[in-house]
Amino acid sequence: MTRPNNPTKLFSSLSFILTPQIILSLFFFTNTAMSQNTTVPVNVGLVLDINGEVGKVALSCINMSLSDFYNSNSHYKTRLILNTRDSKRDVVAAAAAALDLLKNVQVQAMLGPENSMQTNFIIQLGNKSQVPILSFSATSPSLTSIRSPYFFRGALNDSSQVGAITAIIKAFGWREAVPIYVDNQYGEELIPSLTDALQAIDTRVPYRSVISPLATDDQIEKELYKLFTMQTRVFILHMLPSLGSRIFEKANEIGLMNKGCVWIMTDGMTNLLRTLEPSVTDSMQGVIGVRPYVPKTKALENFRVRWKRKFLQENPSLFDAELNIFGLLAYDATSALAVAVEKAGITGFGFDKTNVSSNATDLEAFGISQNGPKLLQALSSIRFRGLTGDYIFVDGQLQSSAFEIINVNNGARGVGFWSSEKGLTQKLSSNSTTKSKLRPIIWPGDSTSDPKGWEIPTNEKKLRVGVPVKKGFSDFVKVTIDPKTQETSVVGYSIDVFKAVIEELPYAVAYDFVPYAQPDGTSSGSYNDLIYQVFLGEFDAVVGDTTIVFNRSNYVDFTLPYTESGVSMIVPIKDSKKRNAWVFLQPLTWDLWVTSGCFFIFIGFVVWVLEHRVNEDFRGPARHQVGTSFWFSFSTMVFSQRERVISNLARFVVIVWCFVVLILIQSYTASLTSLLTVDQLQPTITDVNLLIKRGDNVGYQKGSFVLGILKQLGFDERKLVVYNSHEECDELFQKGSANGGIAAAFDEIPYAKLLIGQHCSKYTMVEPTFKTAGFGFAFPLHSPLVHDVSKAILNVTEGDKMKEIEDAWFKKHSSCPDAGTVVSARSLGLNSFWGLFLIAGIAAILALIIFLAVFVHEHWNVLKNSESSLLSRIRIFLRIFVSRDLSAHTFKDKGGIQVHGMGPTEASPDSRYPASPSSYSQHADSHFLFYGEQGTPRTESGNSNHNPNSQAQAPPEIVSAVELTNPDQEIARSPQVVRENN
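Summary of the structure given here. Owing to the predicted nature of the structure, the values given are computational and were not obtained by experimental measurement.

1. Here we look at the overall build of the chain
Thought 1: Looking only at helices and strands, the chain has 31 helices and 34 strands in total.
Thought 2: Per-residue burial over the chain gives 48% buried out of 982 residues.
Thought 3: Long-range pairs, those at least 24 residues apart, make up 72% of the contacts in the chain between residues at least 6 apart in sequence.
Thought 4: Working note: accessible area of the chain is about 48700 Å², and carbon and sulfur atoms make up 54% of it.

2. Comments concerning the sheet that holds strand β6 (residues 178-182)
Thought 1: Read across the open sheet, the eight strands follow the order β7-β6-β8-β9-β10-β16-β17-β18; overall the sheet is mixed. Each end of this open sheet is capped by a strand with a single partner; those strands are β7 (209-211) and β18 (423-425). Averaged over all neighbouring strand pairs, the angle between strand axes comes to 25°, with direction disregarded.
Thought 2: Direction of pairing for β6 relative to β7: parallel, over a ladder of three bridges. The residue bridging Val182 from the neighbouring strand is Ile211, located in β7.
Thought 3: Relative to β7, helix α10 (residues 217-228) is tilted by about 175°, and along the sheet it contacts β6, β7 and β8 (234-238).
Thought 4: Strands in contact with helix α11 (residues 241-254) are β6, β7, β8 and β9 (262-265); relative to β9, the strand with the most contacts, it is inclined by about 175°.

3. Things to note about helix α3 (residues 53-72)
Thought 1: The first and last C-alpha atoms of α3 sit 28 Å apart over 20 residues, in line with the 28 Å expected at 1.5 Å per residue.
Thought 2: Within α3, the full set of buried residues consists of Gly55, Val57, Ala58, Ser60, Cys61, Ile62, Met64, Ser65, Leu66, Asp68, Phe69 and Tyr70.
Thought 3: Lining the buried residues of α3 we find β1 (40-48), β2 (78-86), β3 (109-111), α14 (298-314) and α15 (325-344).

4. Focus: the packing of helix α28 (residues 834-858) against helix α30 (residues 870-882)
Angle between the axes and distance between the axes are the two parameters that describe a pair of packed helices.
Thought 1: Packing of α28 against α30 leaves a shortest axis separation of 12 Å and a crossing angle of 120°. Taken together, the axis directions place α28 and α30 in an arrangement best described as oblique. For α28 against α30, the interelement crossing comes out right-handed. Of α30, the residues touching α28 (which contributes Phe851, Phe855 and Val856) are Phe877, Ile880 and Phe881.
Thought 2: Residues of the contact of α28 with α30, tallied by class, amount to six nonpolar, no polar and no charged.

5. So, the environment of Ser704
Thought 1: By secondary structure assignment, the location of Ser704 is in the loop between β27 (698-701) and α23 (706-713).
Thought 2: Sequence-wise, Ser704 and Thr546 are 158 residues apart; in three dimensions their C-alpha atoms are separated by 9.3 Å.

6. Some points on unusual backbone geometry
In most cases, non-glycine residues show a negative phi, while peptide bonds are predominantly trans.
Thought 1: In this chain, Gly112 is followed by Pro113 through a cis amide linkage whose omega measures -5°.
Thought 2: For Pro113, the position within the fold is in the loop between β3 and α5 (116-129).
Thought 3: You will see that Asp446, though not glycine, has its phi angle at about 55°, which is positive.
Thought 4: With respect to the secondary-structure elements, Asp446 resides in the loop between β18 and β19 (463-467).

7. Focus: the pattern of salt bridges
Thought 1: Scanning the entire structure with this criterion turns up 22 salt bridges.
Thought 2: A salt bridge links Asp68 to Arg306; the nearest nitrogen and oxygen atoms lie 2.9 Å apart. You can see Asp68 sitting in helix α3 and its partner Arg306 sitting in helix α14, a full 238 residues away along the chain.
Thought 3: For Asp68, a relative accessible area of 17% puts it in the buried group.

8. Structural notes on the environment of Ile548
Thought 1: Position of Ile548 among the secondary structure elements: in the loop between β23 (541-542) and β24 (556-558).
Thought 2: Relative accessible area serves as the criterion here: at 16%, Ile548 is assigned to the buried category.
Thought 3: In this view, Ile548 contacts Phe558, Thr559, Leu560, Pro561, Ala773, Gly774, Phe775 and Gly776; residues no more than four positions away in its chain are not counted.

Procedures and definitions
Residues numbered from 1 in each chain as written. Predicted model: local features only at pLDDT ≥ 70, side-chain atom pairs only at ≥ 80, totals over all residues. Heavy atoms only, no water. Helix = DSSP H or I, 4+ residues; strand = E, 2+ residues; numbered from the N terminus. Buried < 20%, exposed > 50% of the residue type's maximum accessible area, 1.4 Å probe, protein only. Contact = heavy atoms within 4.5 Å. Areas by Shrake-Rupley, 256 points an atom, 1.4 Å probe, with all protein chains shown as cover. Pairing = 2+ DSSP bridges. Axes fitted to C-alpha atoms, helices over the stretch in contact; angles between N-to-C directions. Expected span 1.5 Å × (residues − 1). Parallel < 35°, antiparallel > 145°, perpendicular 65-115°, else oblique. Left-handed = near helix turned anticlockwise from the far one by under 90°. Nonpolar A, V, L, I, M, F, W, Y, C, P; charged D, E, K, R; others polar. Salt bridge = Lys/Arg side-chain N within 4 Å of Asp/Glu carboxyl O.

Purely spatial values, then, with no claim about function.
Listed below in structure tokens is the structure:
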């Protein structure tokens, strides 16, 4: 934009040829134009690599941005005047250009420079001069740490793409990744945040490949060969296309772009993918790239067409140039600066040099911009929709919306997106319902199957799998060496499990078993020594009966366990059955015995109460009634009671009680049978502390970590005895602790079960059980095989294959009884039967309550008789209670039974009903007063001169009898009594 011409000079130069009228008209027109054109020019600086393609694209976009902006906003009072300087791809040149713009041009803001290394120093100049620096291509994360309020990054921070990269790695489950980056500030500053993010998803970085920007082809090839010999096949490339294109060409030559490899490139190359040669893109087939997502809009497509036409006019030699993200960001950054300058209302220009001394250097002589603070505030509040999307600064940093994931396959093909809110998605739309996180990807080698992310190194085609060598417990691992051929044979339960697991892997793994042994065939060390060989790199894995313990996990990574876990104490068992005369009392505890006896007595009493008034079997002298009641109750144990039960209430009680007795007797019989016939196997010792206190010898397997546990428990090392096999352990048990043997052994549960199974009914496992993780396979730290092998172990252990292996090695011991199960005899206690006793008690009490309620109701007239004293009434009431109930059907006319009202000759005995023994006492006592059916006292047979001896001549009359101490005195007191004639 040019400055307006001076009208005075124009008038002087034309006055000699113009008429006065024309002069006056021209003067009026000029003044009118000046009043309308009041725009204020604002100088801004631009530092770019003008000769580079990126710089030319950016410069073209900046010029178009200014043109488009002021065409759309012609009413704005300010106009940006662009002052361009060439950085010449040099940090010093860029700094000199910025210094020149600040000192000599006194720019109010500055765009650029092109890369982060140049930007670092210029930020300091902008901060000192309070001139805003707006960069559209500096992406280094370190620029954020400078914390200059006058620096605005109009590009995305490199670290913002780390989330997208790690999300891809996590989605495919890759456990290791190797970053390959350029050896400069651009490459190095991404690595810390990338490494931290990978560690957060449990992905290891085993190696970092750093390549100089000036590296030769031989140096690049040497570094790639080093990667080729490693296991990891996931590579993250972070560099610019100038070096990255050479990396891909060499990787393709040596075979690092074959099937199974994964290459992920950052936006440094992905953004400029279209600028690469076709030969380079051919070597990149299958590569995944990450780049900022730019929404496809009509405005963007329209600008792309206009830019292509204008750029070819300005640069006809660059006919294949493509618009890139940096050009779009430069366009938006220019628009943002134009808006901010207008908002700031800049009216004055120049720098304040009040504090600048006369002898100041160039770095100190440019002063401070007067418009810097206002322009800083305006830029901070910028918010608009640009070609790249929403343009917003937060703390001076442009905010990203999302990243696009592309797959290089004959061009860039979008396979998905990543955003901090949604993670990996196929579409950015919120209504996406696809289950897969990414679209199908064509991997290197034209493979459509997901790479596992690692390969067996080419310099070690087979895994060297170390196996332990020992004498005993060969069911787990057995190593034999043919003396003639020197061929090694490795078999065993653990070996078969490992082979089955390897077969379950989705890829082939070649391996060789290498015994950990001396040349003479003996073991080279303990299990800890064997594990440590993996850490030293002597073995690639260890397979065998190796236990997963904490101290070993410091040197190797274990898979999931494939056996039971724990260390248990093994002790001999003995028969605790005692032969004595009182064994029949052992089935029941003392409280159950006492409770049962009390209930027998209680039930006998209840039955007597319910039966004695209506049942001749429960009548007679007091001692006879007591004996009969108890006899009846206790005879229910063998269900041999002969007495009839007449009352319905008594029948109810007896039925419930018989049910209780039946269960009690059956339980007693079963328990007594067990005591007399089954061996009562009990461990000889159950307390570890007792072993320590008595000073008994205990055994442990040679080379086992159990030794450490025993020391921690407090065992004296002199009392610890080593054994090599289960046969040797059995011999030590037979000797006993006093004869140099052992009283107990400590071993892992798989070994303990094998020992118990091979020596039937001799040993058992007892508490305590010390928790361990079980047997597992050991691999080097962070080995990618651990994850896959662990998954395969789960698949094997949950299927039928594991049972087949166990049967093949351990079923030969299945004929033995389970010696691990100790048979213990336990007496039956009240807690097992209190519910039955409760039911029987409730039934009996309920029957008593009903009986007493009915009885009191029927004889209430006796209690309420006011003519007699209370004591007399109670005595009469009790006499009635113990007398017969003549109203009962049992005392009505049956053959051989005489009822009240009949003469002595009207009844005759019936031989069909033999008299009960209790009936012979009915008239034997002259002190009994008899009552009729209605409860009125009567004399027996109406004879007032009752003679006890007459009982033999007269047929007995069955009545209720109450014994009276003084019959005459008692009868006289009752108005209802009819006196007998003496």
